[in-house]
Amino acid sequence: MITLKEIIEALNLELLTPGLGLNRGVTAGYASDLLSCVMAGAKKDNIWVTLQSHMNVVAVASLLSLSAVLITEGKRPDPEVVAKAEQEGIVLLATERNNYYAVSRLSGLGIQDEP
Amino acid sequence: MAPDTVPFVNPPSPSNADDPRIGSFPADLHVHTVLSACAEVEMIPPLIVSQALSVGLRLLAVTDHNTGENAAAMVEAARNTGLHVLPGMELQTREEVHLLCLFDEVFPLEAWQEEVFRRLPPLANREDLFGPQWVVDATGEWIRTEERLLAVSADISLEEAVVRVRRLGGLPVPAHVDRPSFSLFANLGLVPPGLAISALEVSRNFRPAEGFIRRPQLRNWPLLASGDAHRLEDLRAVTRFRIVSPCLREIEMALRGQEGRCFEVDWPAR
């Protein structure tokens, strides 16, 4: 299983939660900006690609035990969001690029969806 | 639950209304005018006022998308008619959540609009795609066409919007939370803890029996039903406040069931 560390290096991502370990594996990917859809569709240990940077992103990721959230389009969560993510053990990553780029690159690393 | 939010059990009984000044105010707190690109051309102040009165409304909030520019005209058109108009706006936040921002007076709304305009992307409206955005006077006469694109998100988070509207003395209410788009639950999944809101708005077709099954979280909140009127026939008098006067302070007390103030909603039959 590919790890977060490998993904960060391959996509040259910014790590927003440096306090967290990166050896966790990623089983599959999920992409949506509607958190209600994510709650219904994302699975444990998935990486979630979204342009939302709201506090509820951490809540949803924590609820579902996701591996990480990749926040796109250069959006930066507020410091409280990052603090909450570190507390909950949710790795937050960031890229200036958009969802399409992120998903296509993750797909190139062999990360598929998990229906 | 945050101190600013109130768990909702049942609408308090009107029988505890021992204050003789309390009266019934049928209210629709979500009404668009021709300044909203998606509203019909009939949504001009005099027609909205006459339709509101004919369906039995005594209280109405004008809430165009990301602007309050027709609010003063609506207030003027309703003067001495028995209908009280609250100036307002339906803000679209960064998260694409629609938030009603209601005020007692026009001037805090103007201050809020200035802030919102600063945070809108510098895009021009395309009438062929979205529809025209008309600023009108109290008689419905055209004053000017708003050129900026209003059907878009302002770069303001839901949290910041709620705090700032409160600071201006306004009442923030997440709009049509039962809808699949532009709504708090669809876009953000849950009510962010600590959000200083006292009620949620549901759309005019919401039925508690089915709605509570789809979103059990709704049970914890006072729910206001509005018309979200884009046409005259959309106006609804299904939410009734029992309050002393049609101001936000009284409405807030009604939402919390304080001192005999309360509200009730006639939900649509199936």
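Residues numbered from 1 in each chain as written. Chains lettered and ligands numbered in written order. Predicted model: local features only at pLDDT ≥ 70, side-chain atom pairs only at ≥ 80, totals over all residues. Heavy atoms only, no water.

A.B. asks: Would you take a moment to explain helix H3 (residues 106-118) of chain B for this structure?
C.D. replies: Residues and elements named next belong to chain B. Taking 1.5 Å of rise per residue, 13 residues should cover 18 Å, and H3 covers 18 Å from first to last C-alpha, within 8% of that figure. For H3, the complete set of buried residues consists of Pro108, Leu109, Trp112, Gln113, Glu115, Val116 and Phe117. In this structure, the buried residues of H3 make contact with helix H2 (71-78), strand S3 (84-92), strand S4 (98-102) and helix H5 (158-167). (Helix = DSSP H or I, 4+ residues; strand = E, 2+ residues; numbered from the N terminus. Expected span 1.5 Å × (residues − 1). Buried < 20%, exposed > 50% of the residue type's maximum accessible area, 1.4 Å probe, protein only. Contact = heavy atoms within 4.5 Å.)

A.B. asks: What is the right way to read the sheet that holds strand S1 (residues 23-31) of chain B from this model?
C.D. replies: Residues and elements named next belong to chain B. Strands sit in the order S7-S4-S3-S2-S1-S10-S11 across an open sheet of seven strands; the sheet is mixed. The sheet is open, and its two edges are formed by strand S7 (171-174) and strand S11 (262-265), each paired on a single side. For this sheet the average axis-to-axis angle between neighbouring strands, irrespective of direction, equals 25°. Both S3 and S4 contribute to a ladder of five bridges, which runs antiparallel. Counted as the bridge partner of Gly88 is Leu102 from S4. (Pairing = 2+ DSSP bridges. Axes fitted to C-alpha atoms, helices over the stretch in contact; angles between N-to-C directions.)

A.B. asks: When you look at the interface of chain A and chain B in this model, what are you seeing that I'm missing?
C.D. replies: Chain A puts nine residues into the contact, and the matching count from chain B is 12 residues. Per-residue buried area on chain A facing chain B is highest for A:Ser36, A:His54 and A:Asn56; these three make up 49% of the total on that side. Summed over the shared surface of chain A and chain B, the number is five residue pairs in polar contact (both at pLDDT 80 or more). Taken together, the elements giving at least two residues each to the side of chain A that touches chain B come down to helix H2 (35-41) and helix H3 (55-63) of chain A. With three residues, the top contributor of residues to the side of chain A that touches chain B is H2(A). Its residues assigned to classes, the side of chain A that touches chain B comprises four nonpolar, four polar and one charged. (Buried area = accessible area lost by both parts, 1.4 Å probe. Polar contact = N/O pair within 3.5 Å; in protein donor to acceptor, adjacent residues only side chain to side chain. Nonpolar A, V, L, I, M, F, W, Y, C, P; charged D, E, K, R; others polar.)

A.B. asks: What should I look at first to understand unusual backbone geometry in this one?
C.D. replies: Glycine aside, a negative phi is what most residues show, and trans is what most peptide bonds show. All names here are of chain B. If you check the backbone angles, Asn66 has positive phi at about 60° while not being a glycine. Tracing the chain through its elements places Asn66 in the loop between strand S2 (59-65) and H2. Relative accessible area serves as the criterion here: at 0%, Asn66 is assigned to the buried category. Although it is not a glycine, Asn80 adopts a positive phi angle of roughly 60°. Among the secondary structure elements, Asn80 is positioned in the loop between H2 and S3.

A.B. asks: Any chance you could explain the layout of surface pockets here in plain terms?
C.D. replies: One number sums up the size of the largest pocket: a volume of about 650 Å³. Residue lining of the largest pocket: 28 residues in total, with A:Ser53, A:His54, B:Arg94, B:Glu95 and B:Ser157 positioned closest to the centre. Roughly 260 Å³ of volume is contained in the second largest pocket. Lining the second largest pocket we find 19 residues, and of these B:Cys38, B:His65, B:His98, B:Ala151 and B:Phe182 sit closest to its centre. Among the residues making up the lining of the second largest pocket, the classes are represented as seven nonpolar, nine polar and three charged. (1 Å grid on protein atoms, 1.4 Å probe; cavity = no way out; pocket = protein on both sides within 12 Å on 5 of 7 lines; lining within 4 Å. Points joined across faces, edges and corners; volume = space filled by probe spheres on them.)

A.B. asks: What is the right way to look at the sheet that holds strand S3 (residues 46-50) of chain A in this model?
C.D. replies: Either a parallel or an antiparallel arrangement is found when strands of a sheet pair, and the pairing is made through backbone hydrogen bonds. Residue and element names in this part refer to chain A. Spatially, five strands are ordered S1-S5-S4-S3-S2 in an open sheet, and the strand pairing comes out mixed. Only two strands of the sheet have a single partner each, and these edge strands are strand S1 (14-15) and strand S2 (28-31). Sheet topology places strand S4 (residues 68-71) next to strand S5 (residues 91-94); four bridges connect them, and they run parallel. Its bridge partner lying in S5, Leu70 is registered against Leu93. Strands S2, S3 and S4 of the sheet are contacted by helix H5 (residues 99-108), whose axis makes an angle of about 155° with S3.

A.B. asks: What is the right way to look at the pattern of salt bridges in this model?
C.D. replies: Residues and elements named next belong to chain B. Counted according to the given criterion, the structure contains 27 salt bridges over all chains. Where Arg119 meets Glu160, a salt bridge forms, and the shortest distance between an N and an O atom there is 2.7 Å. Here Arg119, found in the loop between H3 and helix H4 (127-130), pairs with Glu160, found in helix H5; they are 41 residues apart in sequence, far enough to count as distant. Among the salt bridges present, the one from Arg179 reaches Asp228, with a minimum N-O distance of 3.8 Å. Of this pair, Arg179 sits in the loop between S7 and helix H6 (184-188) while Asp228 sits in the loop between strand S9 (223-225) and strand S10 (239-243); the two residues are 49 residues apart in sequence, bridging distant segments of the chain. (Salt bridge = Lys/Arg side-chain N within 4 Å of Asp/Glu carboxyl O.)

A.B. asks: Sorry if this is basic, but what is going on with the packing of helix H1 (residues 4-11) of chain A against H5(A) here?
C.D. replies: Residue and element names in this part refer to chain A. With their axes 11 Å apart at the nearest point, H1 and H5 run at an angle of 120° to one another. Judged by the angle between their axes, H1 and H5 are oblique. The interaxial crossing formed by H1 with H5 has right-handed handedness. Mapping the contact onto sequence places Ile7, Ala10 and Leu11 in H1 and Ala102, Arg105 and Leu106 in H5. A per-class count over the contact of H1 with H5 returns five nonpolar, no polar and one charged. (Parallel < 35°, antiparallel > 145°, perpendicular 65-115°, else oblique. Left-handed = near helix turned anticlockwise from the far one by under 90°.)

A.B. asks: Is there a simple way to explain the nonpolar core in this structure?
C.D. replies: Here is a general trend for soluble globular proteins: nonpolar side chains tend to be buried in one another's company. Counting residues in each nonpolar core, the largest one holds 99 residues, and the members touching the most others are B:Trp112 and B:Phe241. The residues touching B:Trp112, leaving out its near neighbours within four places in the chain, are B:Met89, B:Leu91, B:Cys101, B:Phe103, B:Ile156, B:Ala161, B:Arg164, B:Val165 and B:Leu168. Membership of the second largest hydrophobic core comes to 18 residues, among which are A:Leu22, A:Ile47, A:Val91 and A:Ile111. (Core = buried A, V, L, I, M, F, W, Y, C linked by side-chain atoms within 4.5 Å.)

A.B. asks: Would you mind showing me how to read the packing of aromatic side chains here?
C.D. replies: Two aromatic rings are characterised by how far apart their centres lie and by the angle between their planes. Inspection of every chain in the model, using the stated rule, returns three aromatic pairs over all chains. Taking the centre distance of 5.5 Å and the plane angle of 65° together, the rings of B:Phe206 and B:Trp267 count as edge-to-face. In this pair, B:Phe206 sits in the loop between strand S8 (200-202) and helix H7 (208-214) while B:Trp267 sits in the segment after S11, placing the two residues 61 residues apart along the sequence. Judged by relative accessible area, B:Phe206 falls into the buried class, the value being 4%. The exposure class assigned to B:Trp267 is partly exposed, which follows from its relative accessible area of 29%. Judged by centre distance (5.9 Å) and plane angle (40°), the ring pair of B:Phe241 and B:Phe263 falls under tilted. Residue B:Phe241 is located in strand S10, and its partner B:Phe263 is located in strand S11; the two are separated by 22 residues in the primary sequence. By the ring-pair criterion, three or more aromatic residues cluster together here, those being B:Phe206, B:Phe212 and B:Trp267. The ring of A:Tyr101 has A:Arg97 sitting right over it, with the charged end atom 3.9 Å from the ring centre. Stacked on the ring of B:Phe25, the Lys or Arg B:Arg58 has its end atom at 4.0 Å from the ring centre. (Phe/Tyr/Trp six-rings, centres within 6.5 Å; stacked < 30°, edge-to-face > 60°. Lys NZ or Arg CZ within 6 Å of the ring centre and 35° of its normal.)

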